[in-house]
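Residue-level listing of the chains:
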Amino acid sequence: MENSAYDRSCDEPPNYEETSFSDGTVAKGNGTGNGYDIGEHRAIRHSVVSAFGHDTLDRVPNIDFYRNAGSVSGNRAVRPSLHELHHVFKQNGEISVPNMAEDGDSSHWALPGDLESVLPQDNNVFVRFGWIKGVLVRCMLNIWGVMLFIRLSWVFGQAGWGLGIVVIVLSCVVTTTTGLSMSAICTNGVVRGGGAYYLISRSLGPEFGGSIGLIFAFANAVAVAMYVVGFAETVFDLLKENNAIILDQTNDIRIIGCITVVLLLGISVAGMEWEAKAQIVLLIILLVAIVNVFVGTVIPATPEKRSKGFFNYDAKVFMENFTPDFREENFFSVFAIFFPAATGILAGANISGDLKDPQAAIPKGTLLAIFITGITYLGVALCVSATVVRDATGNINNTIAAGMNIVCNGSYAAACENGWDFSSCAVTKCSFGSMNNFQVMTMVSGFGPLITAGTFSATLSSALASLVSAPKVFQALCQDNIYTALKFFAKGHGKNNEPIRGYVLTFIIAVAFILIANLNVIAPIISNFFLASYALINFSCFHASYAKSPGWRPAYKYYNMWLSLFGAVLCCAVMFVINWWAALITYAIEIFLYVYVTVKKPNVNWGSSTQAVTFVSAVNNALTLTGVEDHVKNFRPQCLVLTGAPKNRPALLDLAHCFTKNYGLCLTCEVFVGQKTRTVTDLNAGMEKNQMWLNKKKRKAFYSAVVCDNFRQGAESLLQVSGLGRLRPNILMMGFKKNWRTVDYADVQSYTGVLHDAFDFEYGTVLLRMTQGLDVAHIIKAQEEFERGVQEQKDLEKEQLKEENKGKSIFRKSRKSSQQHLTPTVSVMAPQSRQAVTVNDRLMSINTQFQRKQGQGTIDVWWLFDDGGLTLLLPYILTTRKKFKDCKMRIFIAGQPGRTEQDKEEMKSLLVKFRIKCAEIHVIDDFNQKPSSYNWKVFEDMIEPFRLHEGSKSTTNAEALRKENTWKISDAELDTFEEKTNLQVRLNELLQENSRAANLIVVSMPIARLGSVSDYLYMAWLDILTKNLPPTILIRGNHKSVLTFYS
């Protein structure tokens, strides 16, 4: 018989369109009618009949099942759930067809703040770049920045070409290791916009990503100022040569810089397409200028150039420039000034959202750019070192006449041997040579104006790239809403979602730093920020590799986790050697932002390696604990609390939380009673919801639940399997069953059975009784429904107000909406009787009393039986908590008549050895007195409905009664346990007499012998013992010591 759920229209081969995810794997619907109204975003429900020969709801693997909701690169499809596949054929003998199409409202699947979670957009309107135009060109232009033409010769003049090579190689080592780490990270999944911020945040989490994202965006904004100031310096030199200075050097640089950054802002705001076209033009000019330098070194030097220190290739000049000659600088200060020249490696990654295939483009383009620019820097620097001396006068009359007998030695020997005397530079500072003239490249080149154009190209292209990168990174950070105050800058404009607001902010920051007007001051500022970013990228790769998460599967294999760690350490070391106080400030800012984000706890989950390492550490620590034997000194309460849904019994949960706080294990457990097929849905739905509720209420506890046929079986399962290794509960906490006299015997038997099971499994047992009861589920449900009704009313009013503002008539619509929204809440919002409100308020107040600070009072501990010390330890722990710090502990013990003082001294001595302080010790020596007739009558009335009364019957009838009602309390049982019964009634009298005003009473729990004491008699003992008292805790340890006086 053919499956009625089978849709033959889906057998047709799906149509695919190319996307940036991979080479065409997104299925696009063919529009055939199948009942799913999702238009062109319909996802194919692939039939598997042709593959397996029978019709089934199972689906073959498909990329659309793995997308986030609202993915921009394709439409998410929903595979059939395991529940649907497992149970679908059992519903009335027919097949229930799940909807595998994309959810119409699937926002609940999306990760909050994830960049994937945006509305689907038509990819055709985006401007997308390949790896050459988007990454290689952009990185090369950014790396070939201001330093190439106006500082590289100065760097090699200061450091010599020996240490100069070290400067470039060290920079390349830092950038290459970072490039390798970045390649691994960005090939481990789809990369969205945000560059370094996106890579770090998705790898290490929002804490690291949020802090470094802000710093990195700021560094790029400052970099704009650095490149623009470099450009302005070149323009100023031209003005100086032509005697066209406006005011003075500093102010001219400020004026030129501000005008330039305004023009660059205009290009950036025009859109990425215009910016990319400008970059291509600038690249061509820059390449021609670089070639011009190499050509110029082989053109014979004119006398004018020689007077300025240029002698073509000369071995003596080359060797003279080998050694360093630091003047007011050192190696690290020179390195700090040069290093920003290598910081353009993230230019391509920073626009990752505008790339066609970021996974392939970023590694290929970035690493190739590092190699090409590194070789270029070395080639240009060595050529200049082989042709230009450090100092020259620029005076063509400083030649050495033929026949003059001059010994050429010292710092100016190379120039001397070439017939020039620059020795005056030792006395008076000269204006030319690699140490003094920032425009050496112009002099060396074959055609000077080309170098000027190249300088303009290098500086402007780098400035443009940084001006684009900073807002893009900042926008991605703001869209994640990690810093809520910055949400204003998340908005984009136009088809490319351009961050116009971010451009304006970057412009303001850039202008502020342009006003410094000193390149050597600005460069070291951003060096630390970029190095901090690189350090975290390297550490991200190491951390992800170290975690060994199955989700860490980078397509790029040429990386090494230890090399990444070396890169991270190297970046940190370089930061400190460049400028130790700037490094400290950078890390202080990072730590501050990290702590801020940690405290704010943004609602995002990106599957970071931090989570993976936390998991690995937890497993390793748990395994380590299994090899350590328990010791009494390390005992701590680890509670299994039968709360049901955690919010339903707040007093029980709050008390357990006081015991465990942040230092012990607390499991809040719920038993779903009924058929598994009916209750498993509720269980699955409640797992995440209840755990989130615990987290929201800051309760350091776990939620666990089981499905069983009865309560006892569920509790028994929890008692046996809860926990992990040594991290397992040792105390069972329950509420007292207040309604035991009115419920079925099966419920009573199940309840007492749980207590017996706890004793059998050697759990310490804690029962909490409060006069008004513990279960407030009905009140919470009514409150939630009331709040829902109020919220719906508010939403309706907002909708009406919105439509009124539009000037539309909403009278008819309002009435309809009112009926729709408010009808369900009428019963909830109906007024309750004053008595019912009072009772509910009183019940909630009593059950939340452990959430409030307890006033001055006492915790009365009736330590009647030695259970290992748990009855004493738990109230002592309470007195160490803030809520109970004003409560004093009083100890009550049983004593023999005539030796009260001796018993008191013995207990006092024991407490001193245990180092437990108490306010008073009371010895009770009249436990063996019979209870009053009134209290005994109360007890008899309590058990009357459950007595067998076989003593008044004949032997035959009595035997028949016992067989028919095995659960009832027999006369023989009452006679056997008469003394123990008297003790419970008498103990209640003593509690009423001594502890009626206590804040909390703790009493040793009586134990009923299994098989000897009936369930109803045991419940009667517990009931009469705790009747009409303040909040009372019954405690029975497992009779293993939890206290010791040994060190």
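Residues numbered from 1 in each chain as written. Predicted model: local features only at pLDDT ≥ 70, side-chain atom pairs only at ≥ 80, totals over all residues. Heavy atoms only, no water.

As for the overall build of the protein chain
Step number 1: Of the regular secondary structure elements, the protein chain holds 36 helices and 12 strands.
Step number 2: The buried share of the protein chain, reckoned over its 1047 residues, is 51%.
Step number 3: Taking all contacts inside the protein chain whose residues are at least 6 apart in sequence as the whole, residues at least 24 apart take part in 79%.
Step number 4: Counting every atom, the protein chain has about 49,100 Å² of accessible surface; 56% of that belongs to carbon and sulfur. (Helix = DSSP H or I, 4+ residues; strand = E, 2+ residues; numbered from the N terminus. Buried < 20%, exposed > 50% of the residue type's maximum accessible area, 1.4 Å probe, protein only. Contact = heavy atoms within 4.5 Å. Areas by Shrake-Rupley, 256 points an atom, 1.4 Å probe, with all protein chains shown as cover.)

Section: the packing of helix H8 (residues 249-270) against helix H17 (residues 500-514)
Step number 1: Running from amino to carboxyl end, H8 crosses H17 at an angle of 165°, the nearest separation of the two axes being 10 Å. Taken as axis vectors, H8 and H17 run roughly antiparallel relative to one another. In this structure, the crossing between H8 and H17 has a hand that is right-handed. Here Ile 253, Arg 254, Gly 257, Cys 258, Val 261, Val 262, Leu 265, Ser 268 and Val 269 of H8 lie close against H17, whose contacting residues are Ile 500, Tyr 503, Phe 507, Ala 510, Val 511 and Ile 514.
Step number 2: Grouping the amino acids of the contact of H8 with H17 by side-chain chemistry returns 12 nonpolar, two polar and one charged. (Axes fitted to C-alpha atoms, helices over the stretch in contact; angles between N-to-C directions. Parallel < 35°, antiparallel > 145°, perpendicular 65-115°, else oblique. Left-handed = near helix turned anticlockwise from the far one by under 90°. Nonpolar A, V, L, I, M, F, W, Y, C, P; charged D, E, K, R; others polar.)

Some thoughts on the packing of aromatic side chains
Ring pairs (aromatic) are described by centroid distance and by the angle formed between their planes.
Step number 1: Per the counting criterion, the structure on display carries 35 aromatic pairs.
Step number 2: Centroid distance Phe 216 to Phe 530: 5.8 Å. Interplanar angle 85°. Geometry classified as edge-to-face. Here Phe 530 lies in helix H18 (residues 519-547) and Phe 216 lies in helix H7 (residues 206-241), a separation of 314 residues in the sequence. When sorted by exposure, Phe 216 lands in the same class as Phe 530, which is buried.
Step number 3: Both rings, one in Phe 338 and one in Tyr 377, keep their centres 5.4 Å apart while their planes meet at 75°; by these two values the pair is edge-to-face. One end of the pair, Phe 338, is in helix H12 (residues 331-338); the other, Tyr 377, is in helix H13 (residues 358-387), and 39 residues separate them in sequence.
Step number 4: Its relative accessible area of 3% is what places Tyr 377 among the buried residues.
Step number 5: Among the aromatic residues, those joined into a ring-pair cluster are Phe 216, Phe 331, Phe 332, Phe 335, Phe 339, Phe 530 and Tyr 534.
Step number 6: The cationic tip of Arg 501 hangs over the ring face of Phe 488; the distance from NZ or CZ to the ring centre is 4.0 Å.
Step number 7: Note that Lys 913 overlies the ring of Phe 1045, its terminal NZ or CZ placed 5.3 Å from the centroid. (Phe/Tyr/Trp six-rings, centres within 6.5 Å; stacked < 30°, edge-to-face > 60°. Lys NZ or Arg CZ within 6 Å of the ring centre and 35° of its normal.)

Focus on the sheet that holds strand S12 (residues 1032-1036)
Step number 1: Taken together, the 10 strands give an open sheet; going across it, the order is S5-S4-S3-S6-S7-S12-S11-S8-S9-S10, and neighbouring strands pair in mixed fashion. Looking along the sheet, the strands with just one partner apiece sit at the ends: strand S5 (702-708) and strand S10 (920-924). Averaged over all pairs of adjacent strands, the angle between their axes in this sheet comes to 20°, without regard to strand direction.
Step number 2: Where strand S7 (residues 764-769) and S12 come together, five bridges link them in antiparallel fashion. Along S12, the bridge assignment pairs Leu 768 with Ile 1033. (Pairing = 2+ DSSP bridges.)

Let's talk about the pairing of strand S9 (residues 887-894)
Step number 1: Burial within S9 is extensive, with six of its eight residues counted as buried.
Step number 2: Where strand S8 (residues 857-862) and S9 come together, six bridges link them in parallel fashion. The residue bridging Ile 859 from the neighbouring strand is Met 889, located in S9.
Step number 3: Handedness of the β-α-β unit built from S8, helix H30 (residues 870-879) and S9 comes out right-handed.
Step number 4: Pairing between S9 and S10: five bridges, direction parallel. (Right-handed = clockwise from strand over helix to strand, strands pointing away.)

Digging into the nonpolar core
Across soluble globular proteins, nonpolar side chains show a tendency to be buried alongside one another.
Step number 1: Leu 148, Phe 149, Leu 152, Leu 346 and Tyr 377 are the most contacted members of the largest nonpolar core, which has 137 residues in total.
Step number 2: At 17 residues, the largest contribution of residues to this core is made by H7.
Step number 3: Not counting residues within four places of it along the chain, the set of residues in contact with Leu 148 comprises Leu 286, Ile 290, Tyr 377, Val 380 and Met 441.
Step number 4: One finds Met 734, Val 1013, Tyr 1016 and Leu 1034 within the second-largest nonpolar core, a separate group that totals 56 residues. (Core = buried A, V, L, I, M, F, W, Y, C linked by side-chain atoms within 4.5 Å.)

Brief notes about the confidence of the model for the protein chain
Step number 1: In the predicted model, the protein chain carries a mean pLDDT of 79, and the fraction of residues at 70 or more is 83%.
Step number 2: Per-residue pLDDT stays below 50 along residues 88-125; that stretch engages in 88 contacts with residues further than four places along the chain or on separate chains.
Step number 3: Taken together, the stretch residues 808-831 has pLDDT below 50 and engages in 24 contacts with residues farther than four places along the chain or on a different chain. (pLDDT = per-residue confidence, 0-100.)

Looking at the packing of helix H6 (residues 195-204) against H18
Axes are the key here: two packed helices are described by the angle between their axes and the distance separating the axes.
Step number 1: Axis separation between H6 and H18 bottoms out at 9 Å; the angle between their running directions is 35°. The chirality of how H6 crosses H18 is left-handed. Together, Ala 196, Ile 200, Ser 203 and Leu 204 of H6 and Ser 533, Leu 536, Ile 537, Phe 539, Ser 540, His 543 and Ala 544 of H18 make up the contact between the two elements.
Step number 2: Of the residues in the contact of H6 with H18, the class split is seven nonpolar, four polar and no charged.

Quick look at the state of the cysteines
Defined simply, a disulfide is a covalent bond joining two cysteines at their sulfur atoms.
Step number 1: Counted by the stated rule, this structure contains one disulfide.
Step number 2: Between Cys 425 and Cys 430 runs a disulfide, and the two sulfur atoms are separated by 1.7 Å. Judged by the sign of its S-S torsion, about -105°, the cystine formed by Cys 425 and Cys 430 is left-handed. Residues Cys 425 and Cys 430 agree in their burial class; the two are buried. (Disulfide = S-S within 2.5 Å.)

Quick look at the environment of Val 754
Step number 1: Inspection of the secondary structure assignment puts Val 754 in helix H25 (residues 745-760).
Step number 2: Given the relative accessible area of 0%, Val 754 is considered buried.
Step number 3: Residues Val 754 and Phe 711, 43 residues apart in the sequence, show an inter-C-alpha distance of 8.3 Å.
Step number 4: Beyond its immediate stretch of four places on either side in the chain, Val 754 contacts Leu 642, Phe 711, Arg 712, Ala 715, Leu 719, Leu 732 and Met 734.

Comments concerning helix H22 (residues 650-660)
Step number 1: The buried fraction of H22 amounts to 11 of the 11 residues, a majority that puts the element mostly inside the structure.
Step number 2: Among all positions of H22, only Pro 650, Ala 651, Leu 652, Leu 653, Asp 654, Leu 655, Ala 656, His 657, Cys 658, Phe 659 and Thr 660 are buried.
Step number 3: A positive backbone phi angle near 50° is found at Lys 661, which sits one or two residues after H22.

Digging into the pattern of salt bridges
Step number 1: In total, this model carries 19 salt bridges according to the counting rule given.
Step number 2: The partner of Asp 654 in a salt bridge is Arg 699, and the shortest N-O contact between them spans 3.0 Å. Separated by 45 residues along the polypeptide, Asp 654 in helix H22 and Arg 699 in the loop between helix H23 (676-696) and S5 bring together distant segments of the chain.
Step number 3: Residue classification places Asp 654 among the buried residues on the basis of a relative accessible area of 3%.
Step number 4: On the accessibility criterion, Arg 699 (16% relative accessible area) is buried.
Step number 5: With a closest N to O distance of 3.7 Å, Arg 899 and Glu 906 form a salt bridge. (Salt bridge = Lys/Arg side-chain N within 4 Å of Asp/Glu carboxyl O.)

A word on unusual backbone geometry
Step number 1: The backbone phi angle of Asn 312 is positive, close to 55°, even though this residue is not glycine.
Step number 2: Phi angles above zero are rare outside glycine, and Ala 517 is one such case at about 60°.
Step number 3: For Ala 517, the location among the structural elements is in the loop between H17 and H18.
Step number 4: Judged by relative accessible area, which is 10%, Ala 517 ranks as buried.

Notes on H23
Step number 1: The end-to-end C-alpha distance of H23, which contains 21 residues, comes to 29 Å, matching closely the 30 Å that a straight helix rising 1.5 Å per residue would cover.
Step number 2: When we look at burial in H23, the residues that qualify are Thr 679, Leu 683, Gly 686, Asn 690, Gln 691 and Leu 694. (Expected span 1.5 Å × (residues − 1).)

Notes on the pairing of S12
Step number 1: When you tally the buried positions in S12, you get five out of five residues, the bulk of the element.
Step number 2: Here S12 shows no split at all, with Thr 1032, Leu 1034 and Arg 1036 on one side and Ile 1033 and Ile 1035 on the other all buried.
Step number 3: Relative to S12, strand S11 (residues 1000-1004) runs parallel, the two sharing four bridges. Opposite Val 1003, over in S12, you have Leu 1034 as the bridge partner.
Step number 4: Assessed by its sense of winding, the connection that carries the chain from S11 through helix H36 (residues 1015-1025) to S12 is right-handed.

A look at a nonpolar patch on the surface
Step number 1: A cluster of nonpolar side chains, contributed by Phe 576, Trp 580, Trp 581, Leu 584, Ile 585 and Ile 589, occupies part of the molecular surface with about 620 Å² of accessible area.
Step number 2: A total of five residues in the nonpolar patch trace back to one element, the largest contributor, which is helix H20 (residues 580-600).
Step number 3: Secondary-structure assignment places Ile 585 in helix H20.
Step number 4: Relative accessible area serves as the criterion here: at 45%, Ile 585 is assigned to the partly exposed category. (Patch = residues over 30% accessible without salt bridge, like charges linked within 9 Å, V, L, I, M, F, W, Y side chains within 5 Å.)

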